[in-house]
Every structure is written in C-alpha cells, then in structure tokens.
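These are the residues of each chain, in order.
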Amino acid sequence: MSHSLRLLNKVHSLNSLKIFHARLLINGSIVSSDLVLNKFLRLYVRFGSIQCAHKLFDQIPKPNAFLWTALIHGYVENRNYPEALSLFSKMCEESVLPLNFILASVLKSLARLTRVKDGEAVYGLGLKCGFCFDLIVKNAVIDLFMRCGEVDFARRVFDEMEEKDLVSWNSMISGYGSNHQVDLARKLFDEMLERNVISWTSMIQGYAKAGDIEEARVLFDRMTTKDLASWNVMVSAYVDVEDLDSAWSIFEEMPVRNAGTWNLMIAGYCKAGEMAVAKDLFEEMPGKNVASWTIMIDGYVKAGDVGSARCLFDQMPEKNLISWSTMIGGYARNGRPCDALELYKQFKKQGIKPDETFVLGIISACSQLGILDAAELIIHNFTGPPLFSSLRIVTSLIDMYAKCGNVDRALQVFKMAYQKDLYCWSTMITAFANHGMAQDAISLFEEMQRTNIKPDGVAFLGVLTACNHGGLLSEGRRYFKQMLEEYRIQPSEKHYACIVDLLGRAGCLEEAYNLIRNMPVLPSAAVWRALLAACRIHCNVQLAEIAANELFKIEPENIGNYILLSNTYAAARMWNGVSRMREMIRKNQVRKNRASSWIELGSVVHEFVTGDALHLDSEGIYFALYLISEEMKLLGFVRDSKREQYCPTRLSEVYQYT
C-alpha cells in the first residue's frame, strides 16, 4: 500500500494515472486499500476527469465516508452541484454517516444553487451528527445564508460561534458586501484583530458594489500586501463605473497580470464602444483564452460590426458554447437571421450541448424570418421536457409563434407555462394586439391585473396597440389615462405614437395634434409620422404639412415621409404640391432602401430582393411571373391611369417589379 501511495505521489498527468490504474487492476491490488482508492479519486478529479473518478467509485463494493467525500467534493469543484447533491442523497440512503467535509461541500452546492431550505435541513443533520461546534460546517453555513440573502441568520450563526477563524470573519464581511450592507461589513472589518489579504479585498469589493469607489481606493492604497485578486478587484471596480482612465492607471501599476486582468480591461473598452483600443489591447495580450476572444466578438456584435466579429470568430483556435452563442445571437440581434441559421448548421457538427442562451438566439433568428419548420425542429432537438421550466424560453416561443403567424400555438404555449411573469403576459398581449385580436388582448390584460401583476410600460403599449388596431377609441383613451394617473408611468415615444395613431384614425386630428404639442419631451419621428399618416387618410393638408415639416427636420433622408405628404396632396388634387415633393426628393437625393422578402419551403429559406437574379431557380421564377402577367392581360387587367398601377407587358418590366 505504501509503495502504491509513493508512486501515486509521483503521477503528474492523467495519462500516467490511467497507466498506473491499469497496472493495479491487472494485479488486483487496487481495492486492497481505501487510502489508495481515495488518492486515485482525488487525482482523477485534479486532472479533470471526474467521469473516470465516478467510474472507479462505482466499482467499489462498500465505499466509506472518506471515499464518498472525495467524489462529492470532486463534483463540487467541477461546479456540477446537482450531481454532488444526488450523490449525497444516495450516501444518506446507504446510512453512511457524513463527515464535516462532506457537509461543507453539500452546503457549498446548495449555496451556489440558492436552496436555503435544503441548506437548513443539511445543517440540522450536521447538528444531529455532532458537528454543533465544527468550524468548517459553521463557516459553510454562514456562506450559505449570506449567498441566499438570509443575512440575519448568518449573523446569528456567527455570533453563536465559540471559535472563529479568518474564514468566519471574511465570510461575514464578503456576505454583508454582497447584500449591500457595506456599513455592517466595515464595522466587522474594524473589529478584526487580525486581517489577511482576503479581508481587505472583500472590504474593497463591498465598497465597489456599493458604488463608493473613493473609499474602495482608500482601502486599496492602505493595503501593505496586495495579491493579484486585490489588483483585479480594483480594476473591475473602475471598469464597472466606466472610469477607464483610472482602470488603466491601476492596470499599468500592476506587477503581475493574468488573463482575467487583460479580459477586464478589454471588456471595459468594449462596453464603452472603444473597439479600436480594445483591439489594440487584445492584440498585445499574451496567452489569450477563449473568454478573451469571446469578449472581443461580443464587443463587435454590440457595436453592430458583425463582419469583424465573424472574422475573429473564424480565427479562434478553440471555441466553446459561449463563443457560438455570442456569434449566432449577434447575427440575430443585428437583423441577420439567415447568417445565424447558417452558422447554426456548423454548430450542429460540433457535438456541443446547447444551453438556454443558445436556444434563445436561435429562436430569435427564426422569429425574424417567420419560419416555423426550422424553429420547431431546433426546439425538438434541443429543449426537450425541461422546455417549459424556463420562462425565458417559453416567452421567446410565444413571441416566435406570434411573429410567424401562429397565434393559436402561441396561446397554447402561454397556457402551458407553469408560472408567468410580467414579461410573459406582455408578450402574449402584444401577440394578440399585432394580430388584430383586440378583445382577446384587452381580456388578457384585465386578467393579468386580476392576478395582482402590476403592468409596466410594455404591457400598456400592448393593450394600446390592440385598441389602435381594433379602432377602440374610448378604451384606448381609458388605458392611456390609467397608465398616467393610476400607475404613474411616463409614456414613451411609442405610447404617444400609438395613441396619436388611434386618435388620427378616428378622425380626432386636432386632439392628436394638441396631445403632441403638450408632450413633456420633444416628439419623435414616430409620433409625427403617425399624425401625418392620419392626415393622409382624412385629407387634412394643413396638419399634414406641419407634421411633414417636422419630419423633414428629424429624418430628411426618409423617403416615406415625402411620399406620405405627396399622397396627401394628390388626394386633395393639389398637383403643385405633388410636383414640389418630387422636386424635393430629387434635390435631396433621397432613395428608397432595397427591401427583401423570403419564403420557407421544406425547412429551407429562400430570400429575394428587387431585380434578384442570384437565386438558382431565378430563370424559372421570372418565366412563371411572365406567364402570370400575360394571363392577367388576357383577363382584362390593364393599367389604371388614376391609380398609376399597371400590369407589366414585357419580361423586362416583370424583372423591374419583382
């Protein structure tokens, strides 16, 4: 046994450990000593192969408490807390009495999962097992209560402790800081007879979280000994408040930096939109890790530069799930859903199990394209039974089905949600509203209020949109008044645009105009455009000119505003006004953006733009359009000179209008 232990102490790699393990299996001596087995389990965990450790553990006929401790601790160190708790349950079923180290590991798992009730039960078990005064267990209990926000319980345990060590004090100080009670943390800090670098760093972090950067810096400067964590906490504090000059000053002073330090600085400049500086730091950085690359990709994505993001993504020597999620989600957020789905095809070949964030990015891309076949296939592959346990995914599915035109399926998903938050309710209300189902949206809004969920601006926007689409003027006025007076919600430009549109469609143009004039903020383009569109419907040239003139100041390059005013002049037979608008369009060189359309056939998305000749079947498509145009002529569909609409008579004209 002692010989085996001496040899195990000389093992420095997973491969060497496996070779030695195989050798002991052959001669049958591996199960002869619990100490050897314990050493094997811990080495497998240290070398990152928890699976091998578990496989070895399963071959042990009757593992003792020390062996259970080694495996449970291994899963905790690998942050697989559910598996650690599952093993603890099995250990208890087999009537193995826990050691204090097992209880500490289990309490750590429950703390990370914020399962305070289960933590109390485990603490109770520890008291029954005689660990009433055990320092390791008590410290783990303090950490549990602090992480779960039960500050008073943590303080009670701390005060009842006959013996306290630095871990006890530091856990309290760190816990108070995390729970925004930095004054209590400072009081304990000042009472400490002995402090270490963790005590100082915890206190600095507490002040940083409270936003008191000046006091954090005072403490930092008072530290006689600083470790890497202390420097990084101070850099992070300045980055969080976007004081990049001070962060850079600390960064420059640091005697030693690690990848985390560089990543903090790069992330800070990315957050500030200073991508050129972030890029310089990234290129200068030694020993880049996956996080470094992903931070840069995320920075480019948020800056709208998906081209640079993709370039970096393709250069990555190693990619993880977060990298893929960032790039695919970035495409979706920047209005490039086709690229997101194309990259998803590559992701499927990697054999990586997706998480919630990844699935949300894919759902967003499918929502933008309005394609259900591909979306449902992805949902079937990746979500499975736990789907409806994630409210974020449920809400995204409701939004996706609604945007794809299947509001019935959206409602089914909504009803299947176990618990609904305000965002979930608002998404379903908006879905009804956008599909013209005004009464359903209003009924759901009222039901939400009856469940004691207080509506916010998004929920009110949904119900106002429903009133707008349904032409429900009195209801719209009532909800707008309720939002202002009962819930004290300041309307956004979208709320004003919606109510102006509702009033305008109902012919209450003067009321709409007065509402705009009395807005507490400057009216946006959306608000003036709603009034202009209403003026077009009711042929009110005077107000149309007022609205259009404001729009020409805000967005002079938007051709839609010129066309709306031109159409208003045409409806009033004011042809001089029409000519003036055409002249303004030419003079300002305003051009219409090239639009695109797409269709999903057999889970494949086909996208088209005006005059498109890139599609593989473009020749057949244009020939079919030519035949349709010829048939329309035979049926008597000819040019209507009044409406300036006509059917193309030549293939070249078909190209032009397709």
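Keep in mind that this is a model prediction, so the values were computed, not measured. (Residues numbered from 1 in each chain as written. Predicted model: local features only at pLDDT ≥ 70, side-chain atom pairs only at ≥ 80, totals over all residues. Heavy atoms only, no water.)

Trainee: Could you clarify how one ought to interpret the overall build of the protein in this entry?
Mentor: Within the protein, the secondary structure is distributed over 38 helices and two strands. A burial count over the protein gives 45% of its 658 residues as buried. A separation of at least 24 residues holds for 56% of the contacts in the protein among residues at least 6 apart in sequence. Per element, the accessible surface of the protein, about 35200 Å² overall, is 51% carbon and sulfur. (Helix = DSSP H or I, 4+ residues; strand = E, 2+ residues; numbered from the N terminus. Buried < 20%, exposed > 50% of the residue type's maximum accessible area, 1.4 Å probe, protein only. Contact = heavy atoms within 4.5 Å. Areas by Shrake-Rupley, 256 points an atom, 1.4 Å probe, with all protein chains shown as cover.)

Trainee: What is the right way to look at unusual backbone geometry in this model?
Mentor: For residues besides glycine, phi is generally negative; the peptide bonds are generally trans as well. For Glu242, which is not glycine, the phi dihedral falls at a positive 60°. Within the secondary structure layout, Glu242 lies in the loop between helix 15 (228-240) and helix 16 (244-253). Residue Cys539 is not a glycine yet carries a positive backbone phi of 55°. Assignment of secondary structure puts Cys539 in the loop between helix 33 (525-538) and helix 34 (541-554).

Trainee: Just to check I follow, could you spell out the packing of aromatic side chains for this structure?
Mentor: To describe a pair of aromatic rings, one takes the distance between the centres and the angle between the planes. In this structure the tally under the stated criterion is 20 aromatic pairs. A centroid spacing of 5.6 Å and a plane angle of 65° characterise the contact between Trp324 and Phe347, whose relative ring orientation is edge-to-face. Pair noted here: Trp324 is in helix 21 (residues 321-333) and Phe347 is in helix 22 (residues 337-348), with a separation of 23 residues, a long-range link. The pair Trp324 / Phe347 is uniform in exposure class, with both members buried. Seen from the ring of Phe189, Arg195 lies directly overhead, with NZ or CZ sitting 4.2 Å from the centre. The side chain of Lys319 reaches across the aromatic face of Phe313, ending 4.9 Å from its centre. (Phe/Tyr/Trp six-rings, centres within 6.5 Å; stacked < 30°, edge-to-face > 60°. Lys NZ or Arg CZ within 6 Å of the ring centre and 35° of its normal.)

Trainee: Can you help me understand the pattern of salt bridges in this one?
Mentor: For side chains bearing opposite charge, pairing can occur when the charged atoms are close. As enumerated under the stated definition, the model contains 20 salt bridges in all. Between Asp298 and Lys302 there is a salt bridge, with its nearest N and O atoms 3.1 Å apart. One end of the pair, Asp298, and the other, Lys302, are both in helix 19 (residues 290-302), four residues apart, so they sit about a helical turn from each other. Assessed through its relative accessible area of 64%, Lys302 is described here as exposed. With its nearest N and O atoms 3.0 Å apart, the salt bridge here joins Arg505 to Asp501. (Salt bridge = Lys/Arg side-chain N within 4 Å of Asp/Glu carboxyl O.)

Trainee: What's the story with the nonpolar core in this structure? I'm lost.
Mentor: Nonpolar side chains in soluble globular proteins tend to be buried together. Residues Phe40, Ile72, Met234, Met296, Ile328, Met428 and Leu531 are the most contacted members of the largest nonpolar core, which totals 207 residues. With residues up to four places along the chain from it excluded, the contact list for Met234 reads Ile204, Ile213, Ala216, Arg217, Phe220 and Ile250. (Core = buried A, V, L, I, M, F, W, Y, C linked by side-chain atoms within 4.5 Å.)

Trainee: Help me understand helix 10 (residues 151-160), please; the structure alone is not making it clear to me.
Mentor: In an α-helix, one full turn covers 3.6 residues, which means residues spaced three or four apart are oriented alike. Of the residues making up helix 10, those classed as buried are Val151, Ala154, Val157 and Phe158. All buried residues of helix 10 project into a common sector of 125° when viewed along the axis, lining one side. For helix 10, the exposed residues set more than 90 degrees away from the buried face come down to Asp152 and Glu160. Buried-residue contacts for helix 10 involve helix 8 (116-128), helix 9 (135-147), helix 11 (166-178) and helix 12 (182-191). (Arc of directions from axis to C-beta.)

Trainee: What exactly am I supposed to notice about helix 2 (residues 14-27) here?
Mentor: If you check helix 2, its first and last C-alpha atoms are 20 Å apart, about what 14 residues at 1.5 Å a residue would give, namely 20 Å. Buried within helix 2 are the following residues: Leu17, Phe20, His21 and Leu24. End-on view of helix 2: buried residues confined to an arc of 105°, all on one side of the axis. Structural note: helix 2 exposes Asn15, Ile19 and Ile26 on the side pointing more than 90 degrees away from its buried face. (Expected span 1.5 Å × (residues − 1).)

Trainee: What should I look at first to understand the side chain of Gln449 in this one?
Mentor: With respect to the helices and strands, Gln449 occurs in helix 28 (residues 438-450). Not counting the four nearest positions on each side in its chain, Gln449 is found in contact with Pro455, Gln482 and Tyr487.

Trainee: For this particular structure, what's the right way to read the side chain of Asn170?
Mentor: Position of Asn170 relative to the elements: it lies in helix 11. Residue Asn170 is classed as buried on the basis of its relative accessible area of 7%. Not counting the four nearest positions on each side in its chain, Asn170 is found in contact with Met192, Asn196, Ile198, Ser199 and Ser202.

Trainee: I keep staring at the environment of Phe460 and nothing clicks. Help me out?
Mentor: With respect to the element layout, Phe460 can be found in helix 29 (residues 457-470). A residue is classified by how much of its surface remains accessible, and Phe460, at 0% relative accessible area, is buried. Remark: the alpha-carbon pair of Phe460 and Ile489, spanning 29 residues in sequence, is separated by 9.4 Å. Those residues in contact with Phe460 that sit more than four places away from it in its chain are Phe445, Pro455, Tyr479, Gln482, Met483, Tyr487, Ile489 and His495.

Trainee: How should the environment of Gln315 be read in this particular structure?
Mentor: Within the secondary structure, Gln315 sits in helix 20 (residues 306-315). A relative accessible area of 47% means that Gln315 is categorised as partly exposed. C-alpha of Gln315 to C-alpha of Trp293: the two residues are 22 residues apart in sequence and 9.2 Å apart in space.

Trainee: Looking at this model, I keep getting lost on the packing of helix 21 against helix 23 (residues 356-369). Mind explaining?
Mentor: Helices that pack against each other are described as a pair by the angle of their axes relative to one another and the distance between those axes. Look at helix 21 against helix 23: their axes get within 9 Å of each other, and the N-to-C directions meet at 20°. With respect to helix 23, the axis of helix 21 lies roughly parallel. For the element pair helix 21 and helix 23, the recorded crossing hand is left-handed. Two secondary-structure elements touch here, helix 21 through Leu321, Trp324, Ser325, Ile328, Gly329, Ala332 and Arg333 and helix 23 through Phe358, Gly361, Ile362, Ser364, Ala365 and Gln368. Class assignment of the residues belonging to the contact of helix 21 with helix 23 gives a composition of seven nonpolar, five polar and one charged. (Axes fitted to C-alpha atoms, helices over the stretch in contact; angles between N-to-C directions. Parallel < 35°, antiparallel > 145°, perpendicular 65-115°, else oblique. Left-handed = near helix turned anticlockwise from the far one by under 90°. Nonpolar A, V, L, I, M, F, W, Y, C, P; charged D, E, K, R; others polar.)

Trainee: Sorry if this is basic, but what is going on with the confidence of the model for the protein here?
Mentor: Low pLDDT means the predicted atomic positions in that stretch should not be read closely. Looking at the protein, pLDDT values average 87 and 89% of them are 70 or higher. Scored below 50 in pLDDT, residues 639-658 shows 31 contacts in the model against residues more than four places distant or in partner chains. (pLDDT = per-residue confidence, 0-100.)

Trainee: Help me understand the packing of helix 14 (residues 213-222) against helix 15 in this model?
Mentor: The geometry of helix 14 relative to helix 15 is characterised by a closest axis approach of 11 Å and an angle of 160° between their N-to-C directions. Taken together, the axes of helix 14 and helix 15 are roughly antiparallel relative to one another. By crossing handedness, the relation of helix 14 to helix 15 is classed as left-handed. In contact with Ile213, Ala216, Arg217 and Phe220 of helix 14, helix 15 contributes Ser230, Trp231, Met234, Ala237 and Tyr238. In terms of residue class, the contact of helix 14 with helix 15 is made up of seven nonpolar, one polar and one charged.

Trainee: Is there a simple way to think about the environment of Ala210 in this case?
Mentor: Its place among the elements puts Ala210 in the loop between helix 13 (197-209) and helix 14. Take Ala210: its relative accessible area is 48%, and that puts it in the partly exposed class. Residues Ala210 and Ser178 lie 32 residues apart in sequence; the distance between their C-alpha atoms is 8.9 Å.

Trainee: Sorry if this is basic, but what is going on with the state of the cysteines here?
Mentor: Each disulfide is one covalent bond, formed between the sulfur atoms of two cysteines. Tallying each qualifying case throughout the model produces zero disulfides. Not engaged in a disulfide, the cysteine Cys535 finds its nearest cysteine sulfur in Cys539; these two sulfurs lie 9.7 Å apart. Judged by its relative accessible area of 0%, Cys535 falls in the buried class. (Disulfide = S-S within 2.5 Å.)

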